[in-house]
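Descriptive structure summary
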Amino acid sequence: MSYPAVRCNLCPRECELSHLERGDCRVRINYQGKLISLVYGKPCAVHIDPIEKKPLFHFLPATRVFSLATAGCNLHCKFCQNWEISQINPEDTSNLTLDPDKVVRIARNKGCQSIAYTYSEPIIFYEYTYDTSVLAHQAGLRNVLVTAGFINEKPLRRLCKVADAANVDLKSLSDEYYQRICSGRLKPVLDSLKIMQEEGVFIEITNLIIPTLNDDPDLMRRMCDWILNQLGPEAPLHFSRFHPQYKLRNLPPTPAEVLLRARDQAMAQGLYYVYTGNIPGSGGENTICPNCKNVVIERIGYHVPGIHIKNGTCAFCGEKIHGVWS
Amino acid sequence: MSKPDDSKGGLEISRRRFGLGLAAGLGGASIFAKLKNFVKPHTGVSFHEAEFYERIPPDKKISLIEDEK
């Protein structure tokens, strides 16, 4: 018997699948003419993290976030540090059975204020993310997406209705980089960032700086310009340090001075909140008031020893600090 | 030792144990010990109809694997 082929419209790949064939993400399969998710309620990683680990620095600081992931991803970044779960089929990971209502119940019982769909790529476990998010809102919890933003507009707009915050990985402003290193494309990611902002999702951006691949100062300058012009100067930006992983073990870790220089340059271009990630103690993790230049949130790694924000404003000068603080 | 952040895929899976990838790093304490009271870890997939897809008309040929007969 012959079954119909299907086209998945979730992400820009729009995989066309015959019966029993699965999409590029590894977790969506055509079974007898229906597209089936293999990972609904089947996370392979579940943890309670500090929200700073996402990283989200302007969203409920110093709170705990219930974090989960399933196997699979719709990008194939050569530097992926979670490749053991993102670049593998879901039948090859050890999975829990954790339905959305159970996720929410455990998150509440553990004192978490939010749930993060993270580690691999929440887009590819879309239905699980969405259904859990709906229940989370009903229970008074917030929802956080940690994503590469490689998704089509229609599903993204629907997801934005239940998402409160997102850290979007903007890997480079080069489409060639996206194609060559990540098997993706740049434009859908830029579109996603604009859509999220338009839909009222609180956004922070992370850029992983990899030596020789995307550390060109001019490229980074253009990326900061794009953020400044399209999202505004208040959009928090995290420059993150690369550690040799997966298919890029031949490259060295990003020198700390490269990250610090990128931060200085981004702030000189006009971005208010720029951070360095994975180099604890550098001072690049503190939030600085754009007006009086005092440190309004002190951070050491994921530890937050001091918050000097009152009612969303700087405790020293009263300047509004962009973020979700309660 | 600094740990990567998870938007970069910073969850460092040190080993898979009892069905959970255990994260290293601050705040990454496994809650498996508690979770196992609620759920039973195992390898397996689910079978949940997805959203956002369409059927391709049979006259449109796609160059993928052959249907099972």
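The notes below deal with the structure included here. (Residues numbered from 1 in each chain as written. Chains lettered and ligands numbered in written order. Predicted model: local features only at pLDDT ≥ 70, side-chain atom pairs only at ≥ 80, totals over all residues.)

**Comments concerning the overall build of chain A**
Across its full length, chain A holds 8 helices and 17 strands. Relative to the compact-globule value of 20 Å for 326 residues, chain A shows a C-alpha radius of gyration of 19 Å, a close match. Summarising its shape, the C-alpha atoms of chain A cover approximately 70 × 45 × 35 Å along the three principal directions. Relative to its 326 residues, chain A shows a buried fraction of 56%. Sequence separation of 24 or more characterises 68% of the internal contacts of chain A that already satisfy a separation of 6 or more. (Helix = DSSP H or I, 4+ residues; strand = E, 2+ residues; numbered from the N terminus. Rg over C-alpha atoms; globule rule 2.2 N^0.38 Å. Buried ≥ 20, exposed ≤ 12 C-beta atoms within 10 Å, placed from the backbone. Contact = placed C-beta atoms within 7 Å.)

**Remarks on helix H6 (residues 187–198) of chain A**
Structurally, the α-helix is built with 3.6 residues per turn, so residues lying three or four positions apart point the same way. Residues and elements named next belong to chain A. Taking 1.5 Å per residue as the helical rise, H6 with its 12 residues ought to reach 16 Å, and the 17 Å between its terminal C-alpha atoms agrees with that figure. Along H6, the residues classified as buried are Pro188, Val189, Ser192, Leu193 and Met196. Down the axis of H6, the buried set is contained in an arc of 145°. They therefore lie on one face. Exposed and facing more than 90 degrees away from the buried side of H6 are Lys187, Lys194 and Glu198. Close packing links the buried residues of H6 with helix H4 (153–160), strand S9 (165–169) and strand S10 (202–209). Once H6 ends, the next one or two residues include glycine 200, with phi positive near 85°. (Expected span 1.5 Å × (residues − 1). Arc of directions from axis to C-beta.)

**Focus on the packing of helix H7 (residues 217–230) of chain A against helix H8 (residues 256–269) of chain A**
Residues and elements named next belong to chain A. Two elements in contact, H7 and H8, have axes whose closest approach is 10 Å; the angle formed by their N-to-C orientations is 40°. When the axis of H7 is compared with that of H8, the two are oblique. As H7 runs across H8, the sense of the crossing is right-handed. Residues Pro217, Met220, Arg221, Cys224, Asp225 and Leu228 of H7 form the contact with H8, whose own contacting residues are Ala262, Gln265, Ala266 and Gln269. Here the contact of H7 with H8 is built from residues that sort into 6 nonpolar, 2 polar and 2 charged. (Axes fitted to C-alpha atoms, helices over the stretch in contact; angles between N-to-C directions. Parallel < 35°, antiparallel > 145°, perpendicular 65-115°, else oblique. Left-handed = near helix turned anticlockwise from the far one by under 90°. Nonpolar A, V, L, I, M, F, W, Y, C, P; charged D, E, K, R; others polar.)

**Remarks on the sheet that holds strand S6 (residues 64–69) of chain A**
Residues and elements named next belong to chain A. In spatial order, the strands read S5-S6-S7-S8-S9-S10-S11-S12; together these 8 strands make up an open sheet with mixed pairing. Either end of the sheet is taken by a strand with one partner, and the two such strands are strand S5 (45–50) and strand S12 (274–277). Across the sheet, the axes of successive neighbouring strands diverge by a mean angle of 20°, strand direction being ignored. Pairing geometry for strand S11 (residues 237–241) and S12, over 4 bridges, is parallel. Counted as the bridge partner of serine 240 is glycine 277 from S12. (Pairing = 2+ DSSP bridges.)

**Topic: the nonpolar core**
In terms of nonpolar packing, the biggest core is built from 110 residues, with Phe66(A), Ile115(A), Val144(A), Ala166(A) and Ile203(A) touching the most fellow members. Among residues more than four places away in sequence, those in contact with Ala166(A) are Val144(A), Leu145(A), Thr147(A), Met196(A), Val201(A) and Ile203(A). (Core = buried A, V, L, I, M, F, W, Y, C linked by C-beta atoms within 7 Å.)

**A closer look at helix H5 (residues 175–182) of chain A**
All names here are of chain A. Taken together, the buried positions of H5 are Tyr178, Ile181 and Cys182. Seen along its axis, H5 keeps its buried residues to an arc of 100°; they face one direction. Away from its buried face, by an angle of more than 90 degrees, H5 presents the exposed residues Glu176, Gln179 and Arg180. Among the residues trailing H5, serine 183 stands out with phi positive, at a value near 55°.

**Topic: unusual backbone geometry**
All names here are of chain A. A cis amide bond links lysine 54 to the next residue, proline 55, at an omega of -5°. Structurally, proline 55 can be placed in the loop between S5 and S6. Unlike most non-glycine residues, leucine 20 shows phi in positive territory, near 75°. Along the chain, leucine 20 falls in the loop between strand S2 (16–17) and strand S3 (28–31). A tally of 14 C-beta atoms within 10 Å means that leucine 20 is categorised as partly exposed.

On their own, these measurements won't tell you what the molecule is for.
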